[in-house]
Amino acid sequence: MASTITMAENGKLIIPDDPIIPIIPGDGVGPDIWKASQPVFDAAVAKAYGGTKKIEWLPIDAGETCWKNTGEFVPEASMEAITKYRVALKGPLSTPVGKGFRSVNVLLRRLFDLYACIRPVSHVPGVPSPVKDPDAVNMVIFRENTEDLYAGIEWDAGTPEAAKVIALIKELTGRELGPDTSIGIKPISEKGTKRLVRMAIQYAIDHKLPSVTLVHKGNIMKFTEGGFRRWGYECAAEEFGDVTITEEEVGKLGGKVPDGKIVIKDRITDSMFQQILLRPREYSVLAMPNLNGDYMSDALAAQVGGLGMAPGSNVGDGYAIFEATHGTAPKYTNLDKINPGSLLLSGALMFEYMGWNEAANLVRKGIAGAVAAKTVTYDLARQMDGATEVACSAFGRAICEHM
Ligand code: NAP
């Protein structure tokens with residue numbers, strides 16, 4: 001009988017050898033990529049641990065298809081499963097544009113307070129990329145997941161609520177906004193910033209990475225994005241003073257970083273979009289507020305070949321959901337065509353989170369081998385000379401063969 005992941009008193013998860021992991025295959029191409037990925041995960045675990053470890057996958061429902069079948073976007077049973085088992089994997093979920101529909105992704109993040117969206121971005125050699133040196137990119141973005149303009153506090157133009165806020169703004173600032181103005185609020189807090197930056201610095205320590213860069217628009221938005229910068233530096237100094245050093249302090253030492261110290265830098269967001277293209281080797285871990293972090297994540301993913309190969313995770317204290325970062329690509333539903341790479345690499349991240357690094361490495365090795373052999377799905381094949389295009393499921397089998 002399989003076991004349950006539990007949390008110790010110190011907040012760390014205790015991972016049994018036979019954990020139950022809920023999986024939401026998702027909408028659109030989700031079931032296809034899950035069917036291709038499950039055998040890869042199981043083969044990696046079997047090969048890494050010779051039968052001493054095994055995952056019991058627990059399929060649970062959520063999303064638009066679930067809503068059409070049951071009238072609920074996230075049924076109670078699915079909520080209970082994630083609450084009980086703590087670590088889950090998910091495919092893409094569709095978010096129809098329209099009134100009254102809450103994004104299931106956003107809902108899950110909020111319900112489990114998954115405050116960090118973590119996206120490691122590095123290049124799998126051989127994957128076509130639009131830049132000259134994609135291997136120079138090796139960054140991990142920690143994007144704040146609960147605050148900022150994405151907190152969902154906004155009012156449509158012409159509503160009584162918008163009129164009240166417009167009146168309040170006039171009273172507080174003297175600024176006149178027209179009655180045809182929609183309003184959105186941008187909350188960024190000390191607590192929300194510090195818990196994100198804390199996780200980012202801890203990650204840099206655990207993975208022996210050289211720097212953490214706070215990316216912000218504090219030059220314009222002094223108190224929100226500027227607060228993110230200030231609280232980020234405070235967190236580094238107050239909680240990690242013995243292992244961190246600021247770039248300014250490094251300058252005073254003639255540019256030499258003392259052994260074992262992680263450099264805390266900060267960059268203005270627009271400049272950072274240039275830096276990731278022009279000087280990617282100078283950056284390692286990035287900590288960012290929600291909205292700009294969203295843009296940066298996709299821009300960086302594009303540099304290494306696009307969302308088809310970009311893994312993602314949403315992590316809080318004691319809960320984590322690992323997910324494919326692309327959408328449901330509805331036109332490819334049930335065609336067994338799409339690239340399962342994003343879900344596979346997200347699963348590898350999940351293994352790492354569980355401390356199953358050997359299984360994570362085998363998944364990555366299998367993908368690298370299949371790509372090097374040019375046995376790939378359509379999206380990669382159309383950009384590679386001499387590639388053999390295979391179906392989603394066949395790509396999964398090729399990955400198993402290359403482990
Ligand atoms: P999308 O589903 O990501 O697909 C856009 C295009 O990206 C596809 O047509 C395909 O390009 C390419 N693509 C995406 N995934 C791929 C993969 N695994 N392998 C190869 N190519 C891939 O974006 P969308 O059409 O904007 O969104 C569709 C739905 O997904 C929406 O309802 C949206 O809300 C939802 N969504 C969900 C999530 C999530 O659950 N995390 C994230 C984003 C969007 P080609 O046509 O060139 O082949």
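Below: a short report on this structure. Worth saying up front: this structure is predicted, and the values here are computed from it rather than measured. (Residues numbered from 1 in each chain as written. Predicted model: local features only at pLDDT ≥ 70, side-chain atom pairs only at ≥ 80, totals over all residues. Heavy atoms only, no water.)

### Some points on the packing of helix α9 (residues 269-278) against helix α10 (residues 290-303)
How we decide: Axis lines are fitted through C-alpha atoms, for helices just across the contact stretch, and the angle between N-to-C directions can take any value from 0 to 180 degrees. The way it works is that DSSP assigns letters per residue, a run of H or I at least four long becomes a helix, a run of E at least two long becomes a strand, and they are numbered from the N terminus. Note on angle classes: values under 35 degrees are labelled roughly parallel, values over 145 roughly antiparallel, values of 65 to 115 roughly perpendicular, and the remainder oblique. When the near helix sits turned anticlockwise from the far one by under a right angle, the crossing is termed left-handed; a clockwise turn instead gives a right-handed crossing. Contacts: residue pairs with any heavy atoms within 4.5 Å of one another. Put simply, Ala, Val, Leu, Ile, Met, Phe, Trp, Tyr, Cys and Pro go in the nonpolar bin, Asp, Glu, Lys and Arg in the charged bin, and everything else, Gly too, in the polar bin.
With their axes 11 Å apart at the nearest point, α9 and α10 run at an angle of 15 degrees to one another. Of the possible angle classes, the one that applies to α9 and α10 is roughly parallel. Regarding α9 and α10, the two cross each other, and that crossing is right-handed. Side by side, α9 and α10 meet where T269, M272, F273, I276 and L277 of the first sit next to N292, Y295, M296, A299, L300 and Q303 of the second. Taken together, the residues that form the contact of α9 with α10 break down as eight nonpolar, three polar and no charged.

### Structural notes on unusual backbone geometry
Put simply, the test is: Three labels apply to residues, based on accessible area from a 1.4 Å probe with only protein chains included: buried if under 20% of the type maximum, exposed if over 50%, partly exposed otherwise in between.
In the Ramachandran plot, R86 falls in the positive-phi region, its phi being about 70 degrees despite a non-glycine side chain. Relative to the helices and strands, R86 resides in the loop between α3 (76-85) and β5 (87-90). Backbone geometry places K208, a non-glycine residue, at a positive phi of 50 degrees. Structurally, the position occupied by K208 is in the loop between α6 (190-206) and β10 (211-216). A relative accessible area of 75% means that K208 is categorised as exposed.

### Things to note about the site of the ligand
Applicable threshold: A single heavy atom is enough: if one lies within 4 Å of a molecule or strand, its residue is considered near that molecule or strand. In protein, a polar contact means a hydrogen-donor-capable atom and an acceptor-capable atom, both N or O and within 3.5 Å, with residues adjacent in sequence counting only if both atoms are side-chain atoms; elsewhere, any N or O pair within 3.5 Å suffices.
Neighbouring residues of the ligand: 21 residues in total, closest G327, A329, K331, Y332 and Y378. Side-chain polar atom of N105 to an oxygen atom of the ligand: 3.0 Å apart, as the coordinates give it. Put simply, the parts of the chain that give the shell around the ligand at least two residues each are β15 (320-324) and α13 (378-381).

### Digging into the nonpolar core
Rules: Joining through side-chain atoms within 4.5 Å is the link that ties buried Ala, Val, Leu, Ile, Met, Phe, Trp, Tyr and Cys residues into a set, and such a set is a nonpolar core.
In terms of nonpolar packing, the biggest core is built from 78 residues, with F142, M350, F351 and V371 touching the most fellow members. The greatest single-element share of this core, amounting to eight residues, is contributed by helix α1 (residues 30-49). Judged by nonpolar contacts, the second largest core, of 19 residues, contains I20, A62, V74 and M79.

### Topic: the environment of F41
Among the structural elements, F41 can be located in helix α1. Overall, F41 belongs to the buried group, its relative accessible area being 1%. Considering only alpha carbons, one finds F41 and A359, 318 residues apart in sequence, at a separation of 7.8 Å. In this structure F41 touches W34, W57, L89, L343, L344, G347, A348, F351 and V363, once residues within four positions along its chain are discounted.

### Details of helix α12 (residues 357-372)
Heads up, the rule is: A helix is expected to span 1.5 Å multiplied by its residue count minus one.
In this model α12 runs 22 Å from its N-terminal to its C-terminal C-alpha over 16 residues, within 8% of the 22 Å that 1.5 Å per residue would give. For α12, the complete set of buried residues consists of A359, A360, L362, V363, G366, I367, G369, A370 and V371. Residues of α12 that are buried sit in contact with α1, α11 (341-353), β16 (375-376), α13 and α14 (392-401).

### Some thoughts on the side chain of E144
Just so we agree on the cut-off: Charge counting follows a simple rule: Lys and Arg are positive, Asp and Glu are negative, and His as well as the terminal groups are ignored. By definition here, a salt bridge exists when the distance from a side-chain nitrogen of Lys or Arg to a carboxyl oxygen of Asp or Glu is within 4 Å.
Tracing the chain through its elements places E144 in strand β7 (residues 138-144). Nearest to the buried, unbridged E144 among oppositely charged side chains is R195, at 4.7 Å. Polar contacts involving the side chain of E144 include one to the main-chain amide nitrogen of E147, which spans 2.7 Å.

### Comments concerning the pattern of salt bridges
Applying the stated criterion across every chain, the model contains 21 salt bridges. E323 is the partner of K90 in a salt bridge, and the nearest nitrogen-oxygen pair spans 2.8 Å. Here E323 lies in strand β15 and K90 lies in strand β5, a separation of 233 residues in the sequence. E225 is the partner of K186 in a salt bridge, and the nearest nitrogen-oxygen pair spans 2.7 Å. On the criterion of sequence distance, the pair formed by K186 in the loop between β9 (183-184) and α6 and E225 in helix α7 (residues 225-240) is long-range, its members being 39 residues apart. Across the pair, E225 and K186 agree in class, each one buried. One salt-bridge network, in which partners are shared between bridges, spans E190, K194, E234 and E238.

### Observations regarding the packing of α1 against α11
Closest axis-to-axis distance for the α1/α11 pair is 9 Å, and the angle between their directions is 35 degrees. Where α1 crosses over α11, the two elements pack in a sense that is right-handed. Contacts between α1 and α11 pair I33, W34, S37, V40, F41 and V45 from the former with L343, L344, G347, A348 and F351 from the latter. For the contact of α1 with α11, the per-class residue count stands at nine nonpolar, two polar and no charged.

### Remarks on the sheet that holds strand β12 (residues 262-268)
Through backbone hydrogen bonds, the strands of a sheet pair up, either in parallel or in antiparallel fashion. Operational definition: Being paired, for any two strands, means DSSP has found at least two bridges between them.
Read from one edge to the other, the open sheet built from eleven strands follows the order β4-β3-β5-β15-β14-β6-β7-β13-β10-β12-β11, with strand pairing classed as mixed. Edge positions in the open sheet fall to β4 (56-59) and β11 (244-246), since each of these has one partner strand only. Mean inter-strand twist for the sheet, computed between neighbouring axes without regard to direction, equals 25 degrees. Most of the contacts of helix α4 (residues 104-111) go to β15, to which it runs at about 160 degrees, and overall it touches β3 (20-24), β5, β7, β14 (311-315) and β15.

### Some details on the packing of aromatic side chains
Given two aromatic rings, their pairing is described by the distance between the two centres and the angle made by the two planes. Convention followed: The criterion for an aromatic pair is that two Phe, Tyr or Trp rings (for Trp, the six-membered ring) have centres within 6.5 Å, with stacked assigned to planes under 30 degrees apart, edge-to-face to planes over 60 apart and tilted to the rest. Remark: a charge is flagged as sitting over a ring if the NZ atom of Lys or the CZ atom of Arg is within 6 Å of the ring centre and within 35 degrees of the ring normal.
Scanning the model with the defined rule gives eleven aromatic pairs in all. A ring pair is formed by F142 and Y203, whose centres lie 5.2 Å apart and whose planes are at 65 degrees; its orientation type is edge-to-face. Here Y203 lies in helix α6 and F142 lies in strand β7, a separation of 61 residues in the sequence. Each member of the pair, F142 as well as Y203, carries the same accessibility label: buried. Over the aromatic face of Y49 sits the side chain of K53, whose NZ or CZ is 5.3 Å from the ring centroid. Geometry around Y283 places K265 over its ring, the cationic atom sitting 4.9 Å from the centre.

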